[in-house]
2 protein chains.
Amino acid sequence: VGIGDDAAVLHSAGTLVWTIDEQVDGIHFRRDLLSMRDVGFRSFMAATSDVAAMGATPWCALCSVVLPTDFADADLEAFARGQRDAAREVQAGIVGGNLSRGPALSVSTTVLGRGEHPVARAGARSGDRIWLAGSVGLAAAGLRALTQGLSDARLDPAVAAWRTPRALIQAGLALESRATAAIDVSDGLARDLGHVARASGLAAVLDEAALVEDGLLVLAAEALATGALDLALYGGEDYALVATSPVPLPGFRCIGAMRTGAGLFLRSKDSERLLSTRGFDHFAER
Amino acid sequence: VGIGDDAAVLHSAGTLVWTIDEQVDGIHFRRDLLSMRDVGFRSFMAATSDVAAMGATPWCALCSVVLPTDFADADLEAFARGQRDAAREVQAGIVGGNLSRGPALSVSTTVLGRGEHPVARAGARSGDRIWLAGSVGLAAAGLRALTQGLSDARLDPAVAAWRTPRALIQAGLALESRATAAIDVSDGLARDLGHVARASGLAAVLDEAALVEDGLLVLAAEALATGALDLALYGGEDYALVATSPVPLPGFRCIGAMRTGAGLFLRSKDSERLLSTRGFDHFAER
């Protein structure tokens, strides 16, 4: 039935996964750092990423938008275009929504996905390898470049990663029959992998060398004169996927292993240290 | 799977209706006029009402809440209790959600409902009667009493109607096999029935006498020294159901009829006049 009626009408059979995500101006993005088109694109991808992290395929979505009074019709059009572009990329339909006034721009996106065997956070087993699809740290580097007003070609991929993240739907499809646990990295690898470890009653051990082998991240870290490892562990909003599995996952690379115990550890050549699982603060200076 | 994972997991077969609704502090409610428990209750019922208006049964819900920094843990508990109370009343499950920070309290509620033959807005036929379940105008009278600081026993039912509206699930179940069109009255009867008339390519004729026969509304209007008819036509947020059908609908009363043409009309004893279909302004003085 679609937009304009009180509710959308869907015909479904089977298992659905269902998520809602919210992006608020000043908290998750800043309008001075992002076009309206990108606000729409990014908020849609952020919500869809939760579906990918369950190993499911996005199916359809509703969006509720709170508009401040300074919001022009052209802004709304650009925003809607960004949502549509994102929906098209992940082959999902936007079947309805809601518009209201409010003090600040905020976007709630709810997505239904289909997948017969959704992957949760709590299933990791001791001995499983830890697998990563996509980059971690790049979006945080891009946000830092934007807030510091830096212009450097080495930072361009990082800025794009923050502005227009991609939900890793194709990679997510590899999870369904193989992964024991999975999550998307929205709050930083340390924090999100920490959720998997805690939910599974295990310790996670990350391999330092594997985390800093991402060439784009290394270049961005150089341009920022900061450490790539810190960005990889604590940078959020890349919407990478991290999973545990005893077997390799197509499209993922190995970054560590699960073992008995608790906590998050970093293994270098000869040593191992306990890591903090603190999260990503969007606009906090580090 | 429920709260704590990236997404809820549902097993479904058949037709679903799906809606999202947003309630923003200062626009749809004011924290000085409403307890936190009632903010939770009311936002849940407002969203569920859209499912009732399709003739469907609420099944499950996700809630995304933006919390301002002055929001205490006790506030969040009271809010969640209100949501739970509302969900229990309509026998729906809250299966997940999202919390974020922001400049003002706002609540997005998305509800999935089940119903084999959802009723849309566009199916009314010439000659159908117009049917109403629940009160219209009472919630607006209650809001006016609160904003004007009036205390009068005649206004108590009106204040309760605004603070703790009920989605009319049972009445909605009568729609499925009988109604040609239906909508819930959130923006005022004139405006919402106007949507049905326009979508169906018809005119709607309301019966003045039927609109002012609600004893509670008449008493509330007396206490406010205002007209009951104006409240009934332009007061919003009662979440009454209005439907069109050639046959009586259990739990509904007849308030008019559809005919060929366009527009919204009010019929009194000997005359008929065209009505404005303007909507309800939550906090505007009239």
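Residues numbered from 1 in each chain as written. Chains lettered and ligands numbered in written order. Predicted model: local features only at pLDDT ≥ 70, side-chain atom pairs only at ≥ 80, totals over all residues. Heavy atoms only, no water.

Engineer: Teacher, can you tell me more about the overall build of chain A here?
Structural biologist: Across its full length, chain A holds nine helices and 11 strands. Whereas a compact globule of 286 residues would reach a radius of gyration of roughly 19 Å, chain A reaches 19 Å, a difference of no more than 12%. With the principal axes as the frame, chain A shows a C-alpha extent of 60 × 50 × 25 Å. Counting the 286 residues in chain A, one finds 59% classified as buried. A separation threshold of at least 6 residues defines the contact pool for chain A, and within that pool the share at least 24 residues apart is 85%. Positive and negative side-chain charges of chain A, numbering 26 and 34 respectively, have mean locations separated by a distance of 4 Å. (Helix = DSSP H or I, 4+ residues; strand = E, 2+ residues; numbered from the N terminus. Rg over C-alpha atoms; globule rule 2.2 N^0.38 Å. Buried < 20%, exposed > 50% of the residue type's maximum accessible area, 1.4 Å probe, protein only. Contact = heavy atoms within 4.5 Å. Lys, Arg positive; Asp, Glu negative; His and termini not counted. Charge placed at Lys NZ, Arg CZ, Asp CG, Glu CD.)

Engineer: Could you clarify how one ought to interpret the side chain of Ser 43 of chain B in this entry?
Structural biologist: Residue and element names in this part refer to chain B. Along the chain, Ser 43 falls in helix H1 (residues 36–52). Of note is the side chain of Ser 43, whose polar atom sits 3.1 Å from the backbone oxygen of Gly 40. Excluding residues that lie within four positions of it along the chain, Ser 43 makes contacts with Gln 23, Phe 79, Val 107 and Thr 109. (Polar contact = N/O pair within 3.5 Å; in protein donor to acceptor, adjacent residues only side chain to side chain.)

Engineer: Sorry, what's going on with the packing of helix H1 (residues 36–52) of chain A against helix H2 (residues 73–89) of chain A here?
Structural biologist: Residues and elements named next belong to chain A. Where H1 meets H2, the closest approach of the two axes is 6 Å, and the angle between their N-to-C directions is 40 degrees. Considering how the two elements wind past one another, H1 and H2 form a crossing that is right-handed. Contact residues: H1 offers Met 36, Arg 37, Val 39, Gly 40, Phe 41, Ser 43, Phe 44 and Met 45, while H2 offers Asp 75, Ala 78, Phe 79, Arg 81, Gly 82, Gln 83, Asp 85, Ala 86, Ala 87 and Glu 89. Here the residues of the contact of H1 with H2 are counted per class, giving nine nonpolar, four polar and five charged. (Axes fitted to C-alpha atoms, helices over the stretch in contact; angles between N-to-C directions. Left-handed = near helix turned anticlockwise from the far one by under 90°. Nonpolar A, V, L, I, M, F, W, Y, C, P; charged D, E, K, R; others polar.)

Engineer: For this particular structure, what's the right way to read helix H6 (residues 189–200) of chain A?
Structural biologist: Residues three or four positions apart in an α-helix share a direction because the helix packs 3.6 residues into each turn. Residues and elements named next belong to chain A. For H6, with 12 residues, the first-to-last C-alpha span of 16 Å sits near the 16 Å given by 1.5 Å per residue. When we look at burial in H6, the residues that qualify are Leu 189, Ala 190, Asp 192, Leu 193, Gly 194, Val 196, Ala 197 and Ser 200. Directly after H6, the chain includes Gly 201, whose backbone phi takes a positive value near 70 degrees. (Expected span 1.5 Å × (residues − 1).)

Engineer: Would you mind going over the sheet that holds strand S8 (residues 240–245) of chain B with me for this structure?
Structural biologist: Each strand in a sheet pairs with its neighbour through backbone hydrogen bonds, running either in the same direction (parallel) or in the opposite one (antiparallel). Residue and element names in this part refer to chain B. Strand order in the open sheet formed by seven strands is S6-S8-S5-S9-S7-S10-S11, and the pairing between neighbours is mixed. The two strands at the open ends of the sheet, each matched to only one other strand, are strand S6 (181–185) and strand S11 (272–274). Between one strand and the next, the sheet's axes are offset by a mean angle of 25 degrees, whatever the strand orientation. With five bridges connecting them, S6 and S8 associate as antiparallel partners. Considered in S8, the bridge of Ala 182 is made with Ala 243. Set on the sheet, helix H6 (residues 189–200) makes contact with strand S5 (129–133), S6, strand S7 (203–207), S8, strand S9 (253–259) and strand S10 (263–267); between it and S6 the angle comes to about 160 degrees. (Pairing = 2+ DSSP bridges.)

Engineer: Looking at this structure, I do not really get the packing of helix H3 (residues 138–147) of chain B against helix H8 (residues 215–224) of chain B. What am I missing?
Structural biologist: A pair of packed helices is characterised by two quantities: the angle between their axes and the separation of those axes. Residues and elements named next belong to chain B. It is the contact of H3 with H8, at a shortest axis distance of 10 Å, that shows an interaxial angle of 30 degrees. Relative to H8, H3 is oriented roughly parallel. In terms of crossing hand, the pair formed by H3 and H8 is left-handed. The segment H3 lies against H8, with Leu 138, Ala 141, Arg 144 and Ala 145 engaging Leu 216, Leu 217, Ala 220 and Leu 224. Its residues assigned to classes, the contact of H3 with H8 shows seven nonpolar, no polar and one charged. (Parallel < 35°, antiparallel > 145°, perpendicular 65-115°, else oblique.)

Engineer: What should I look at first to understand the relation of the copies chain A and chain B in this one?
Structural biologist: Related by rotation about an axis and a shift along that axis, the two copies of the chain form a pair. Note on the identical chains: chain A maps onto chain B by a rotation of 180 degrees and an axial translation of 0.0 Å, with an RMSD of 0.0 Å. Considering both components of the superposition, the chain copies are consistent with a two-fold axis. Taking C-alpha positions as the reference, the residue of chain A nearest the rotation axis is Ala 13 of chain A, at 2.1 Å. A share of 100% of interface residues in chain A that are also interface residues in chain B marks the association as one of identical surfaces. (Least-squares fit on C-alpha atoms with pLDDT ≥ 70 in both.)

Engineer: Help me understand empty space enclosed by the protein, please; the structure alone is not making it clear to me.
Structural biologist: All told, the structure shown has one cavity of 30 Å³ or more when counted by the stated rule. Size it by volume and the largest cavity reaches roughly 60 Å³. Lining the largest cavity are Val 24, Val 66, Pro 103, Ala 104 and Ser 106 of chain A together with Val 24, Val 66, Pro 103, Ala 104 and Ser 106 of chain B. (1 Å grid on protein atoms, 1.4 Å probe; cavity = no way out; pocket = protein on both sides within 12 Å on 5 of 7 lines; lining within 4 Å. Points joined across faces, edges and corners; volume = space filled by probe spheres on them.)

Engineer: Sorry if this is basic, but what is going on with the pairing of strand S1 (residues 8–24) of chain B here?
Structural biologist: A regular strand places its side chains on the two faces of the sheet in alternate fashion. Here S1 of chain B lies mainly inside the structure; 14 of its 17 residues are buried. Note that strand S1 (residues 8–24) of chain A and S1 of chain B share 11 bridges and pair antiparallel. Its bridge partner being in S1 of chain B, Val 17 of chain A is matched across the sheet by Val 9 of chain B. One ladder, built from nine bridges, connects S1 of chain B with strand S4 (residues 106–114) of chain B; its direction is antiparallel. Looking at the pairing, Val 24 of chain B lines up with Ser 106 of chain B of S4 of chain B.

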